[in-house]
Each structure stands twice: as structure tokens, then as C-alpha cells.
Amino acid sequence: MKSLEHMHIAIIMDGNGRWAKKKNRPRNFGHREGLKALERVAKAANELGIKYLTVFAFSTENWQRPRSEVDFLFKLLRSTVRNEFDKLQQEEDIKIKVIGRIDELEDDIQSDINRIEEVSKDNDGLQLTIAVNYGGRAEIVDALNKALNSDIKAISEEEFNELLYAPEINNVDLLIRTANEKRVSNFLLWQISYAELYFTSTLWPDFDKIDLEEAIEEYNSRKRKFGKLPGEELN
Ligand code: FPP
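Below: a short report on this structure. (Residues numbered from 1 in each chain as written. Predicted model: local features only at pLDDT ≥ 70, side-chain atom pairs only at ≥ 80, totals over all residues. Heavy atoms only, no water.)

## Some remarks on the site of the ligand
In the vicinity of the ligand, 17 residues are found, and the nearest of them are Met-13, Gly-17, Arg-18, Arg-27 and Arg-65. Note that an oxygen atom of the ligand is positioned 3.1 Å from one of the side-chain N or O atoms of Asp-14. Between Arg-65 and the ligand, the recorded distance is 2.8 Å, taken from a side-chain N or O atom to an oxygen atom. For the ligand, the accessible surface in isolation is 630 Å², of which the surrounding protein chains cover 91%. Counting residues per element, the ones that place at least two in the shell around the ligand are α1 (16-22), α2 (27-47) and α3 (67-82). In terms of residue count, the dominant contributor to the shell around the ligand is α2 (four residues). Within the shell around the ligand, the residues separate by chemical class into six nonpolar, seven polar and four charged. (Near = heavy atom within 4 Å. Polar contact = N/O pair within 3.5 Å; in protein donor to acceptor, adjacent residues only side chain to side chain. Areas by Shrake-Rupley, 256 points an atom, 1.4 Å probe, with all protein chains shown as cover. Helix = DSSP H or I, 4+ residues; strand = E, 2+ residues; numbered from the N terminus. Nonpolar A, V, L, I, M, F, W, Y, C, P; charged D, E, K, R; others polar.)

The following block contains the structure:
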């Protein structure tokens, strides 16, 4: 397997609701199992030496779900940041970041997020970035507004990238979406410009290390051209 030390994998974790429905359980049970899958996959990515893993936990559009589901997801996020993520950062040396319109979240979640980012910032393992209240267009507009509120008169791609929520995750190599959906859904629009796309019918709560390795194997077999002709990089 090729070296994965610079690799950035992004995942749209889809199918929690369908997984629960298949088992005649409430949707929130699916989200709980989805969290277990996230812990499992973050550990696996860390063991494989992957540098960045970015996951979509809650989109700017997800507010339109029933109130009870939204409340549950935030309750789950609160306890996850305090417990599971704290364990990942302490025991696995994983660095945790959260991207999105965090200033719109409740104050206590914001301070939990700030705390976990602060205590894990010098960790050397995987950077696990969780997108919460996140939209790709919103991120680009937020960056643009930062530029408009500064002295900037003209901007390069590199400078624009610096205004995004987490400049270090500027290129996604592999975008995985589970549960047989083949859409980008407003996730990391700037960062996926040359990403390889991988779709699987596996529902997110069932996704494990073997699924991750299969996706990476498929990625490794693809020829990335970045707009050039094949082999041109050899000239
Ligand atoms: C998509 O499944 C999943 C979500 C909208 C939420 C993702 C959340 C988790 C994986 C929970 C753990 C994460 C954190 C950080 C607390 P869906 O509900 O759209 O499934 P469906 O398409 O089958 O209905």
C-alpha cells in the first residue's frame, strides 16, 4: 500500500436512518451506532497512518429535520465531544477540529469544542475534523466576507484557502459516501476539486476498517491526472 501520511479522506456518513429502519429501531438508534462507526473508522485511519479524516456530522440543511432528531444529534455531539473524542485525543493521539458555523451553536457546545481543540492541538496522530452546522457554500461565503472585511483587494487561490475554516485540509484526496447515494451534498466544495469519489452501498453504521481499506485500495488503483495527460508528470 502506498504511503498514506499526507492523505486526506473525507466521508459523508450516510444511512444511519435506513440502518435503524431495517432493524425496526428508531432513527436515533442508528445515529448512536453511527457514532460507534465513526470512532472505529477514526482509529483505523489513525492506525493506517492517514493524516486527515474529515466527516460530515451535521449540515446547514439538517436543521430542517424533525426537532426531536436535531435535539438528539446535538445531545449526542455534546457527550461525544466530552467523552469519546476526549478518549480519542488522550489515548490515540488524535487531533480534533470542528468546522462549520460554530458561532451559531449553543454556548456550552462552543466551549466544549474550543476545549477539545485546544487540548488536542499538539497531538501528532490523525487530524479528525468534524463538520457541524457546515455547508460548503457557507464556508466559501464566510471566507469571502472575511476578505471583504479586510484590506484585501485581490486574492490568489492560496490566500483564499487561508480564509477557510481549516486551511490545512485544503485538498481532499478521496471522498467516500456510504448508503448508495451519489451526491456531494454541499460538503467541502472548495477542497474536493480533484478528489477521487468512492460510493458504497454499505450503510454507515456497518462501515469498518475493512471497508476503509477497500476504499483506499480502489483509490490507489486510480490514476490521478490533475488535468494533465497521463504520464505527463514524467516529462
Ligand atoms: C446520515 O444518516 C447521518 C447524519 C445526518 C448524521 C451523522 C451523525 C453521526 C454519524 C452520528 C455521530 C456523530 C457525531 C459527531 C455525534 P441519515 O440520518 O441521513 O440516514 P438515512 O439517509 O438512512 O435516513
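There is more to say after this.
## Some thoughts on the side chain of Ser-120
For Ser-120, the position within the fold is in helix α5 (residues 107-120). There is a polar contact of 2.8 Å between the side chain of Ser-120 and the backbone oxygen of Ile-116. Not counting the four nearest positions on each side in its chain, Ser-120 is found in contact with Gln-89, Ile-94, Lys-95 and Ile-96. (Contact = heavy atoms within 4.5 Å.)

## Here's the deal with the sheet that holds strand β3 (residues 95-99)
The strands making up a sheet associate through backbone hydrogen bonding, with each pair oriented either parallel or antiparallel. The sheet built from six strands is open, its strands ordered β3-β4-β2-β1-β5-β6 with parallel pairing. What marks the edges here is a single partner per strand, and that holds for β3 and β6 (196-199). Mean inter-strand twist for the sheet, computed between neighbouring axes without regard to direction, equals 20°. Direction of pairing for β3 relative to strand β4 (residues 127-134): parallel, over a ladder of five bridges. When the sheet's bridge partners are listed, Lys-95 is paired in β4 with Gln-127. (Pairing = 2+ DSSP bridges. Axes fitted to C-alpha atoms, helices over the stretch in contact; angles between N-to-C directions.)

## Observations concerning the pattern of salt bridges
Taken as a whole and judged by the stated rule, the model has 18 salt bridges. Here Lys-121 makes a salt bridge to Glu-118, at a shortest N to O gap of 2.9 Å. Connected through salt bridges with shared partners, the residues Asp-14, Arg-18, Arg-177, Glu-181 and Arg-183 form a single ionic network. (Salt bridge = Lys/Arg side-chain N within 4 Å of Asp/Glu carboxyl O.)

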